[in-house]
Structure formats: C-alpha cells, structure tokens
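Here's the letter readout for the chains.
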Amino acid sequence: MTPLRNMLRRLMAPHALMPLAALLAVAVMWGVTFNASRAEERRAHETALQATERLVDTYEAQTLRVLNEINQNLKLIAYARRFAGKSGELSELHAQNLLLPKLLFTTRVVDRRGRILASSRAEGADSVSAELLAHHAATSELFVSQPYQAAGGGEPVMDISRNVDDREDSEIVVITMPISYLVSDYDVQRFGNSGVLAVIGRDGVVRAKRTGERISAGDKADFSRVLLSGDEEAGEASLRPPPWGGEQLYIGARPLYGFPLAVVVALSESERLANARAAAHERIVRSGGATVAVLGLALVLSVLTRKVQVLRDREQAERAETARRIEHMAYHDSLTSLPNRAHFGRRLSEMLVHSREQGEPFALMLLDLDGFKKVNDVQGHQGGDLLLVEVARRLSHAVRQGDFVARLGGDEFVVLAKVGQGVHEVDGVARRLVEAVGKPYDLDGKTATVTASIGVALCPKDGQTADVITHLADEAMYLAKQRGKNGVVYAAVERGPVAQGMAIGG
C-alpha cells in the first residue's frame, strides 16, 4: 500500500492536480465539440433527406404533367385523324391552337413504313427510328424512344408516339421534344451546383440528366438501383451512390405512372453538409486554440506551483535542519560533539523507565581524567581541547553498539552501558575505556599522557533513581582516584561507597 499511497500523494499535489484538471477540462471541451458537430451534421443530413423528398415530389408532378399533356395531344391527333376528315389535318389543328408549341415540339404523322405523312414544321427529320416502327408493329402501347441527335443538329431529342387506331396499317402519331425540356426546372438555389435532375427509362438509358448548366443523355444506368429496394411504388430519399456511378448523393426517385420512366432527384452530400462541416471545422479550430491556451496556462501554473512547493519544501527542510542543529547544540557538547549533560539526563531517565518496565539492568560509568590539569597547564587550553576531542573519539570507539557516551563538562565523561548477561560485560567495557584513555596522545607534535578514574553504579542493584545512582557512581569515581587513579571502582548501596573492584594499572 505504501507505493500506492505515495503515488496518490504525488497526484494530489497542486502542481500535479492542475495539469490533470486541465486535461479533464480539455477532454470535456472536445467531447462537447464533437457531440455538437455530430448533432449538427446529423440535423443537416436529415434536412437534406427532407429537401430531396420535397424536390422529387415536385419534379414527379411536373414531369407527369408534361408527359400527360403530350399523351393527351397524341390522343387528340389520333382521334382527329380517325374521325375529323380534313379538319383533322395538322394545319387545321395548329390553326385551332390544339397542337403543342412548334418552338419546342415537332408533331408528325407517319405510316408503318416510317414515311412522313404530315408534320407541324417543314424542316426536321424526314424519318423515324426502326425501333419506333418495330414497337408499334408489336403493340399499341405508348412508346418513349431513347434520346438521339436530330438530323438538323442541336441538342438531343426524344420521341413519344402512339398508334392512331388498332388497325395493322394504322398511322403513327409522333411528338418529338428536346430532352432539356424534361430538366428545365433545375434551380441552383434549390439543387446547388452539383445536384442532379434526371429521367431514366426502364431500359436503363438516361433520357435526360442535368447537373448545374450541364445537360446530358444516353448514359447507362442500372434501373434496379434507381428506386430504393427496387420497389417501383416506393422511392424514399437516401444517401447512396447514384445509379450512373460516382460519389454518394442524397437520392430520391419516383416511377412515373403510365410511362416506362422514372424521375431521379439527387443533392450533393458535400454541398448539403458544407455549412455543418464548416461550423465543425470552426469549432475544432476554436477548441484547438482553447486547448493550447488551457494546457499552456496549466503548464505555467503547474511550474509556478511546483516552484512554490519546492521553495516551501526547502524552507521546511531548512527549518527542520535549523531545529535539528538547535537541538543538537542544546543536547551536544560543542567541543567534542558528544551528548552533553542535558542529553545524558534525558537518556538516563529513559533507561530508568525501561529498566522498571522491562527489568533490564544497566550500568552508569562516571569517568574523570587523571593528569588533565597538568596537560592544560603545560600545553595550554588549545592542547587541552585537542586532548578532550581525542578522548571523546577513543571513548566512542571503545564502547559497544547501543552504549551511550556523554561529556558532562570539563574532563568529566559518563557512559551508560547495558549489563546484558552479567556484570562481567560491564567489566569488559570499563577496562577498554581505561586502556583507551591511557594510551599516549600526540597533540600537535607534543606527547601527553592522561589516565581515567571510573566509578560504576548498577541499576537497579545499586539504585533505581537518577540521583541515587549518579551520586553513587560519583563517590565510586572519587574512591578510584583515592586508590591511585587509572582504575575502576563499583558502588554498593547497602554498605555505602565500597570498592567492588580493583584499580587497573596502580
């Protein structure tokens, strides 16, 4: 759990929270941007489908009106040829304004061999296609030809024809019209520059197709793909490839009742979604700019916060170090760096409590240097200080790990040592202390010699309070001096200060 807590603590730091908050804000912003763009494009898509439906309904009605008008004119001419005699001549019908306008339509009557019997205009083709003649030889149904180029040139035209009657040698009435008439309702405002108006026959031949100002005819198309799902009674608009091939368009198609044709209206997807996509692009640009600004600001704030945190941590570390140094100065000797009298008192109290609670004995060894005053007088205070520093070093190396060494002041030192398995362990420590102190000293090229007198009091054997065992160790130490110095004396509470050991070295 510790690594996890450390990681969570680092993540919760202000300089880490700011980038995380910025990333969350950026994620929310981009989520809103994409959702808004998708919603707007979805609305534009639905609007395009509805517009296609409306246009194909209108175009179906207009085209049916034109074709029905032509069909009615064919029927009228056929009736006149059968029953009206000379009044049924095309010139008479034209004089009565019963024919379609000659400016756009050419009306002809031909026989079964294709010879022109009558025509609404003098110029123009003097024959009809073999396909038309073959159709009327086989059936009396209305015929709609494929587009073709008229003999006089110009734009392509197409024929719509029917028999005058059911006789085998019946005349045929033919009305020829320019294909552009079928797609004349193209409006750029409604269809755009890439929209499509088209009339396609069941034979898969495009009778007329217009995109913008361009009009064409004769292309091949898969009629089964003209009407959605192939149902000629249906024709719902959808986004799909056009039957003549190319990129996807919004396509609506309707079969023309009574005619072997279908109308097709197509709107460009790119044009219909252009505004929505432009708005989406603008949102992305704005969101990109906002992202850069937010992340940049978060980065700057994170860096500044990190610097503040580093300065704060440094200040706290400096405070802690200052407190440590102050505590060290308060509890350590400035000359030898050993714990001082105050530190000794605190440690002694802790060991007394531990001894009472855990029953572990310890020894208090009070040590005083023999001959230090002479060194101080001969070599001065500087030499005496060097000696004390070296004594402190030797004492620290002579004790065991866990034993406590302190300088009480002047040439007086104290050692707190755990008794362990028996008093003999304390004997070993005391002897090492005497031996370590008694070796000669080199003080800036001058040799000096001192020894140590040590008084030892045991807790809880000799006493169980700081005052008692300190007093007993002090008395034992003076007794060691009286007995010739350079030795160790143990204290006994029952009989007063009595030597429990012998002096070492005389």
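Residues numbered from 1 in each chain as written. Predicted model: local features only at pLDDT ≥ 70, side-chain atom pairs only at ≥ 80, totals over all residues. Heavy atoms only, no water.

### Quick notes on the overall build of the protein
Of regular secondary structure, the protein possesses 11 helices and 18 strands. Here the C-alpha radius of gyration of the protein, 60 Å, is well above what a compact globule of 506 residues would show, namely 23 Å. Expressed as lengths along the three principal axes of its C-alpha atoms, the size of the protein is roughly 175 × 45 × 30 Å. Sorting the 506 residues of the protein into buried and exposed places 44% on the buried side. By sequence separation, contacts in the protein at least 24 residues apart represent 56% of the contacts at least 6 residues apart. Total accessible area on the protein stands at roughly 26,800 Å², and carbon and sulfur atoms take up 54% of it. In the protein, which carries 61 positive and 62 negative side-chain charges, the distance between the mean positions of the two groups comes to 4 Å. (Helix = DSSP H or I, 4+ residues; strand = E, 2+ residues; numbered from the N terminus. Rg over C-alpha atoms; globule rule 2.2 N^0.38 Å. Buried < 20%, exposed > 50% of the residue type's maximum accessible area, 1.4 Å probe, protein only. Contact = heavy atoms within 4.5 Å. Areas by Shrake-Rupley, 256 points an atom, 1.4 Å probe, with all protein chains shown as cover. Lys, Arg positive; Asp, Glu negative; His and termini not counted. Charge placed at Lys NZ, Arg CZ, Asp CG, Glu CD.)

### Side note on the side chain of R407
Mapped onto the elements, R407 comes out in strand β13 (residues 404–409). According to the relative accessible area criterion, R407 is buried, its value standing at 12%. For R407, the residues in contact, after removing those within four places along its chain, are D333, L335, T336, L338, P339, N340, R341, L388, E412 and F413.

### With respect to the sheet that holds strand β8 (residues 214–216)
Taken in spatial order, the six strands line up as β8-β7-β6-β11-β10-β9 in an open sheet, and their pairing is antiparallel. The sheet is open, and its two edges are formed by β8 and β9 (238–240), each paired on a single side. On average, each strand axis in the sheet is inclined to that of its neighbour by 25 degrees, with strand direction left out of account. Judged from the seven bridges that link them, strand β10 (residues 249–255) and strand β11 (residues 261–268) form a sheet pairing that is antiparallel. When the bridges of β11 are listed, G252 appears paired with V265. (Pairing = 2+ DSSP bridges. Axes fitted to C-alpha atoms, helices over the stretch in contact; angles between N-to-C directions.)

### Regarding the confidence of the model for the protein
Averaged over every residue, the pLDDT of the protein is 86; the share at 70 or more is 90%. Contacts for the low-pLDDT stretch residues 493–506, under 50 throughout, to residues beyond four places or in other chains number 40 contacts. (pLDDT = per-residue confidence, 0-100.)

### Let's talk about unusual backbone geometry
Residues other than glycine predominantly adopt negative phi, and peptide bonds predominantly adopt the trans conformation. P460 follows C459 through a cis peptide bond whose omega is 10 degrees. Of note, P460 is situated in the loop between β17 (451–459) and α11 (466–482). In this model, S337 sits at a positive phi of 65 degrees, which is unusual for a non-glycine residue. Along the chain, S337 turns up in the loop between α7 (274–331) and α8 (341–358). Phi at D444 is positive, roughly 55 degrees, even though this residue is not glycine. Within the secondary structure, D444 sits in the loop between β15 (441–443) and β16 (446–448). D444 gets classed as exposed once you look at its relative accessible area, which sits at 62%.

### Description of the pairing of strand β4 (residues 157–163)
Most of β4 sits out of view: seven of its seven residues are buried. Burial along β4 is two-sided: V157, D159, S161 and N163 and M158, I160 and R162, pointing in opposite directions, are all buried. Where strand β3 (residues 143–144) meets β4, two bridges bridge the pair, whose relative direction is antiparallel. When the sheet's bridge partners are listed, V144 is paired in β4 with I160. Summarising the sheet, β4 and strand β5 (residues 172–178) pair through seven bridges and their orientation is antiparallel.

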